[in-house]
Amino acid sequence: MARLKEGTEYKFNVEKELQMPDGSEYFIVTGPDNKKYLLPHTRYSDYGIKAGTEIYCTVDRINCKGEVFLEPRNPWYKEGKKYPFTVDSIEDRTDFRGTKQDIIVVLDRCGNKINVLPDPSEQLPAKGTVLNLVVEKITKGKVYLIKTSRAIDDPNFKPRKVYSFKIEGIAKGLDDEEYYIISDQFGNRHTLTKHYYEYYGFGIHSTFRGRIVKFNKNGERTIEPENPFYKPGDRLEMKITHFTENANDKSYTLDLLDEFGHKHCISSGAAPEKKSVVCRVVMIRKGRPLFKVL
C-alpha cells in the first residue's frame, strides 16, 4: 500500500503495550502499510484501547524526518459536533497578546478540564451550568472547544479543510517579530509570521488559501498558506551548485537551485554523480518545502 497521508483516517491493529526504560508506556499499533507505530499510553488511557483489537487513527502530521504521528478516534467526541459540558470554574488567564482573559473551565466525560473562551457580550456562567459547546479540534488526546456562537457558520465545515484568508495589515508583536494580520472568510482574525512567507509575494489585501495545522494551548491557531511554488508530492529536478562532505557521518550537504530561482540546502547519503538531482517535496512547514532525494 502507498505511504500514509496526513489528514486521512486508517484502521490499525493494536499489537501490545510497551514500557520503556524511562517508565513511559506506549501502545504498539500496526498500520495498513504493515509498519509499526507508537501511541503514548498517558494521552489515550481513557480510550479503552486494548491489545488484539482494531482502532481507527487519523494521520495528524508527518514531520520532516518522515515520522508519523497518529490521532486515535475519540470514543465520545467528533470534530465539528456539539456536545453538553458542565462548567467547573471560571479562571483568570493571560492570552497570547498578553491581555488578561476570563476562561471558562469545563469537564469532559472523563473529568478532564478543558478551557473555553467566553463571549465578551455574555455573562459568565455559574459553576454547574451545562453549556452546549462545539468540538473544534482533537489532537494529542486533548479536546479543544468553542462556544456555539464562535463556531464557523458553515454546514460544510470539516477540520483540516482549506479556507480563504485575506491579509489586512502588518504589525510588530511583543517579541519584536513582524506579523501579517489576516482574516478568514468568517471574519476571525489570525497572525502569520511575516518572514516565513515574504517570498510568496504577499501584500496588503492579498488573498490566499490555507489550513489550520496547529491549535496552541493559548487559543492561537497556526495557519499554513498554500505554497504558490510547491505542493507535497511534487518532483523537482534541481541544479547542484555546490556540495561538501560531512566528516562526522560521511553524508553530503548539497546546495541546490530550483526552476523558480530559489536556493535550497539538503543532506544526501551519497556523493552526487550528476550536476542535478531529483527530489520529492515531502511536506511544507512555515513556508519551507522539505525535500527527499529520489
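Every chain begins its residue count from 1, and numbering advances along the sequence as written. Local features are withheld for residues below a pLDDT of 70 in this predicted model, meaning they are given only at 70 or higher, and side-chain atom pairs are given and counted only at 80 or more; totals for whole chains, interfaces and linings count all residues. To get the side-chain values, take all heavy atoms of the structure and skip hydrogens and water.

Draft legend 1. Local environment of the overall build of the protein. Numbering of helices and strands runs from the N terminus, with a helix taken as a DSSP run of H or I at least four residues long and a strand as a DSSP run of E at least two residues long. Regarding its fold elements, the protein presents one helix and 20 strands. Burial statistics for the protein: of 294 residues in total, 37% are counted as buried. Computed with a 1.4 Å probe, the accessible areas rest on the Shrake-Rupley method; for each residue, only the protein chains presented here act as cover. Summed over its atoms, the accessible surface of the protein is roughly 17800 Å², and 47% of this surface lies on carbon and sulfur atoms. For every residue, the accessible area obtained with a 1.4 Å probe (protein chains only) is divided by the maximum for its type, and the residue is called buried under 20%, exposed over 50%, and partly exposed between those limits.

Draft legend 2. Region of interest: the nonpolar core. Core analysis: the biggest nonpolar cluster contains 30 residues, and Phe12, Val106 and Leu145 have the highest contact counts within it. Should any heavy atoms of two residues lie within 4.5 Å, those residues are considered in contact. Discounting chain neighbours no more than four positions away, the residues touching leucine 145 are Phe85, Val106, Ile114, Asn115, Val116, Leu133, Val134, Val135 and Glu136. The criterion is simple. A nonpolar core is a set of buried Ala, Val, Leu, Ile, Met, Phe, Trp, Tyr and Cys residues joined through side-chain atoms within 4.5 Å. With 25 residues, the next largest nonpolar core counts Leu236, Met238, Val281 and Ile284 among its residues.

Draft legend 3. Structural context of the sheet that holds strand 3 (residues 36-40). Taken in spatial order, the five strands line up as 3-2-1-4-5 in an open sheet, and their pairing is antiparallel. One side of each edge strand has no neighbouring strand; the edge strands of this open sheet are strand 3 and strand 5 (68-72). Going across the sheet, the axis of each strand differs from the next one's by a mean of 50°, ignoring polarity. In this analysis, strands are considered paired if DSSP registers two or more bridges between them. With five bridges connecting them, strand 4 (residues 54-62) and strand 5 associate as antiparallel partners. Axis definition: a line fit to C-alpha positions, over the contact stretch in the case of helices; interaxial angles, taken between N-to-C directions, run 0 to 180 degrees.

Draft legend 4. Spatial organisation of the packing of aromatic side chains. Note on aromatic contacts: the rings of Phe and Tyr and the six-membered ring of Trp form a pair at centre separations within 6.5 Å, being stacked when their planes are under 30 degrees apart, edge-to-face when over 60 apart, and tilted otherwise. Taken as a whole, this structure holds 18 aromatic pairs when the rule is applied. Taking the centre distance of 5.1 Å and the plane angle of 80° together, the rings of tyrosine 77 and tyrosine 83 count as edge-to-face. The exposure classification of tyrosine 77 matches that of tyrosine 83, with both residues buried. Measuring from centroid to centroid gives 5.0 Å for tyrosine 199 and tyrosine 200, while their planes differ by 85°, and the two rings are edge-to-face. According to the relative accessible area criterion, tyrosine 199 is partly exposed, its value standing at 31%.

Draft legend 5. A look at the pairing of strand 12 (residues 178-184). A large share of strand 12 lies buried, amounting to six of its seven residues. Where strand 11 (residues 163-172) lies against strand 12, seven bridges are found, and the strand directions are antiparallel. Bridged to phenylalanine 165 within strand 12 is aspartate 184. As consecutive antiparallel partners, strand 12 and strand 13 (residues 189-193) are separated by four residues, and within that stretch glycine 187 has a phi angle of approximately 95°, a positive value.

Draft legend 6. Layout of a positive patch on the surface. Two distance rules govern patches: like charges are joined within 9 Å, and nonpolar side chains (Val, Leu, Ile, Met, Phe, Trp, Tyr) within 5 Å, applied only to residues with over 30% relative accessible area and no salt bridge. Each salt bridge in this description consists of a side-chain nitrogen of Lys or Arg and a carboxyl oxygen of Asp or Glu lying within 4 Å of one another. Counting rule applied: Lys, Arg positive; Asp, Glu negative; His and chain ends not counted. Every charge is mapped onto a representative atom, which is NZ of Lys, CZ of Arg, CG of Asp or CD of Glu. Together, Arg3, Lys5, Lys35 and Lys292 line one region of the surface with positive charge. Mapped onto the elements, lysine 292 comes out in strand 20 (residues 288-293). Classification of lysine 292 as partly exposed rests on a relative accessible area of 48%.

Draft legend 7. Molecular detail of the side chain of serine 268. In this fold, serine 268 is placed in strand 18 (residues 263-268). Taking the relative accessible area as the measure of exposure, serine 268 reaches 14% and is therefore buried. A polar contact of 3.0 Å, which involves the side chain of serine 268, links it to the backbone oxygen of alanine 270. Polar contacts, as used here, are pairs of N or O atoms within 3.5 Å; protein pairs need one atom able to donate a hydrogen and one able to accept it. Residues neighboring in sequence count only if both atoms are side-chain atoms.

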